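Residue strings, one per chain:
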Amino acid sequence: MAPQRRGAPKAPEGSGAAERRRQSSTKSIRVPRDVRKKWLRAAVLGSCTVLAACLFWGSLGGDEGITEVLAHRSEILPGRFIEVPCSEDYDSHRRFEGCSPRKCGRGISDAVITRDEARRIRSIAEKGLSLGGSDGGASILDLHSGALSVGKHFVNLYRYFGDKIQTIFSEEDFQLYRDVRQKVQLAIAQAFGISASSLHLTKPTFFSRINSTEARTAHDEYWHAHVDKVTYGSFDYTSLLYLSDYLDDFGGGRFVFMEEGANKTVEPRAGRVSFFTSGSENLHRVEKVHWGTRYAITIAFTCNPDHGISDPTLT
Ligand SMILES: *[C@@H]1O[C@H](CO)[C@@H](O)[C@H](O)[C@H]1NC(C)=O
Ligand SMILES: *[C@@H]1O[C@H](CO)[C@@H](O)[C@H](O)[C@H]1NC(C)=O
């Protein structure tokens, strides 16, 4: 279909336009003070706007000192991998050859999970989290253990709802969750050159929902810098699947790899998978969310089969 012109039809060039131009130029000669005032007002308004924009920009990222963006919100990355030297964190754990990191780094891909899959999996998170929610900071839903934030505590969704859980989640929801986990696992294995079957899902693997309300308890404080392998010894590879769009759904809330000299950010985008080796080579934090709601899933893998957990099932 040919594009339709929606604008007002152009006035034909001719005496009319010339007449208007003449009139306006006469007017400006007759009342120069008026025009000066108008210009002054425009200039003041303009500089106010610029000042406001600067202040707003400053409030968004001023405290961060960020120097490099690994993945912009508007980019669609087929896959980006940045290798970083492994820390010694893995030495104090049992090594599983062909799985425990020898090559460390970070990857980001928008080609593993589709936007539609992200939308559907986000609706699982919305359903589950609508049953609870923390008093502030981050709320979590763990379909493996059943843990759900409620107020200042957690409840076990499965114990609490019993068989009624089947009226909340469907078999398709759980199938989608397993498919997504499988795709992420394959992407990690490929990026690090290991076999996908040597990776085991581990806990905690969970949905998170973050808004701008201040955290009331320490476990809802999501913004501190940390090393996953220090926090959770079983983690070898951490992944995040984002389910909302940075600056469309929320502000703040970027993921930051913290390094001397240059912090590196990943801007969340629904369907974007970001993964990395879990040791201190990947010290990271999440910026505070300033507005809106940010959804994501953290999916963790271990090389130690003893620390493996199975996919959640509805029955
Ligand atoms: C990295 O971020 C932290 C806090 O978010 C900040 O204190 C530090 O100065 C930043 N580093 C650089 C090099 O910008
Ligand atoms: C953030 O979420 C909590 C529930 O976890 C809710 O009580 C609060 O009102 C929300 N805040 C905003 C600003 O929407």
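Not measured: the values here are computed from a predicted model.

Participant: Give a detailed account of the overall build of the protein, specifying residues and quantitative values.
Facilitator: Along the backbone of the protein there are six helices and 16 strands. Among the 315 residues that make up the protein, the fraction classed as buried is 45%. For the protein, long-range pairs separated by at least 24 residues make up 79% of all intrachain contacts whose partners lie at least 6 apart in sequence. By element, 55% of the accessible surface of the protein is carried by carbon and sulfur atoms, the whole surface being about 17300 Å².

Participant: Can you tell me about the packing of helix H3 (residues 115–129) against helix H5 (residues 171–192), naming the residues and giving the values?
Facilitator: Where H3 contacts H5, the two axes come as close as 10 Å, and the packing angle between them is 125°. Relative to H5, H3 is oriented oblique. Seen from above, H3 lies across H5 with left-handed handedness. Here H3 contributes Glu 117, Arg 120, Ile 121, Ile 124 and Lys 127 to the contact with H5, which in turn contributes Asp 173, Leu 176, Tyr 177, Val 180 and Lys 183. Residues of the contact of H3 with H5, tallied by class, amount to five nonpolar, no polar and five charged.

Participant: Which residues make up the sheet that holds strand S1 (residues 68–71), and what values go with them?
Facilitator: Read from one edge of the open sheet, four strands run S1-S12-S11-S14, paired in mixed fashion. At either margin of the open sheet sits one strand with a lone partner, and together these are S1 and strand S14 (284–286). Direction aside, neighbouring strands of the sheet carry axes that sit 30° apart on average.

Participant: Tell me about the site of ligand 2, and please be specific about residues and values.
Facilitator: The immediate surroundings of ligand 2 are formed by Gly 133, Ser 134, Ser 139, Arg 209, Asn 211, Ser 212 and Thr 213. Between ligand 2 and Arg 209 there is a distance of 3.1 Å, counted from an oxygen atom to a side-chain nitrogen or oxygen. Each residue belonging to the shell around ligand 2 can be placed in one class, and the counts come to no nonpolar, six polar and one charged.

Participant: Tell me what's going on with the confidence of the model for the protein, and back it up with residues and numbers.
Facilitator: In the predicted model, the protein carries a mean pLDDT of 86, and 79% of its residues have values of at least 70. Per-residue pLDDT stays below 50 along residues 1–29; that stretch engages in one contact with residues further than four places along the chain or on separate chains.

Participant: Got a sec to walk through the environment of Tyr 90? Specific residues and values, please.
Facilitator: Following the sequence through the fold, Tyr 90 ends up in the loop between strand S2 (80–84) and strand S3 (104–109). Given a relative accessible area of 4%, Tyr 90 falls into the buried group. Between the C-alpha atoms of Tyr 90 and Arg 102, which are twelve residues apart in sequence, the distance is 9.2 Å. Beyond its immediate sequence surroundings of up to four residues, Tyr 90 is in contact with Arg 95, Pro 101, Cys 104, Lys 229, Asp 236, Thr 277, Ser 278, Gly 279 and Glu 281.

Participant: If you had to explain the state of the cysteines to someone new, which residues and values would you point to?
Facilitator: Applying the stated criterion across every chain, the model contains two disulfides. Paired through a disulfide, Cys 86 and Cys 104 show a sulfur-sulfur distance of 2.0 Å. On the sign convention where negative means left-handed, the S-S torsion of about 105° between Cys 86 and Cys 104 marks this disulfide as right-handed. Taken together, the residues span a long stretch of sequence, with Cys 86 in the loop between S2 and S3 and Cys 104 in strand S3 at a distance of 18 residues. Judged by its relative accessible area of 29%, Cys 86 is partly exposed. In this model Cys 99 forms its disulfide with Cys 303; the gap between the sulfur atoms is 2.1 Å. Its S-S torsion of about -80° marks the bond between Cys 99 and Cys 303 as left-handed, since a negative value means left-handed. With a gap of 204 residues between them, Cys 99 in the loop between S2 and S3 and Cys 303 in the segment after strand S16 (294–302) connect regions that are remote in the sequence. Judged by its relative accessible area of 2%, Cys 303 falls in the buried class. Each bonded cysteine of the protein gets a number by its place in the sequence, and the pairs then read 1-3, 2-4.

Basis of the calculations
- Here the residue numbers are simple positions, counted from 1 along each chain's written sequence.
- Note on labels: chains are lettered from A, ligands numbered from 1, in written order.
- Local features in this predicted model are restricted to residues whose pLDDT is 70 or higher, and side-chain atom pairs enter the listing and the counts only when it is 80 or higher, whereas totals over whole chains, interfaces and linings include all residues.
- Water and hydrogen atoms play no part in the side-chain values, which are based on all heavy atoms of the structure.
- Note on conventions: DSSP H or I runs of at least 4 residues are helices, E runs of at least 2 residues are strands, and numbering of each starts at the N terminus.
- Think of it in three bands: with a 1.4 Å probe and only protein chains considered, a residue is buried below 20% of the maximum accessible area for its type, exposed above 50%, and partly exposed in between.
- In what follows, a contact means two residues having at least one pair of non-hydrogen atoms within 4.5 Å.
- For every accessible area listed, the method is Shrake-Rupley and the probe measures 1.4 Å; residues are considered covered only by the protein chains on display.
- Note on geometry: axes are lines fitted to C-alpha atoms, helical ones only across the stretch in contact, with angles between N-to-C directions running from 0 to 180 degrees.
- Throughout, the term roughly parallel applies to angles under 35 degrees, roughly antiparallel to angles over 145, roughly perpendicular to angles from 65 to 115, and oblique to all others.
- In this scheme, a crossing is called left-handed if the near helix is turned counterclockwise away from the far one by less than a right angle; it is called right-handed if the turn is clockwise.
- Under the grouping applied here, Gly and all other residues not named as nonpolar or charged are polar, the nonpolar ones being Ala, Val, Leu, Ile, Met, Phe, Trp, Tyr, Cys and Pro and the charged ones Asp, Glu, Lys and Arg.
- Note: two strands are recorded as paired if DSSP finds a minimum of 2 bridges between them.
- Whether a residue is near a molecule or strand depends on its heavy atoms: if one lies within 4 Å, it is near.
- Two N or O atoms form a polar contact when they lie within 3.5 Å of each other; inside protein one atom must be a possible hydrogen donor and the other a possible acceptor, and for residues adjacent in sequence the pair counts only when both atoms belong to side chains.
- Confidence of the predictor in every single residue is expressed as pLDDT, which spans 0 to 100.
- Counting rule for disulfides: a pair of cysteine sulfur atoms within 2.5 Å.

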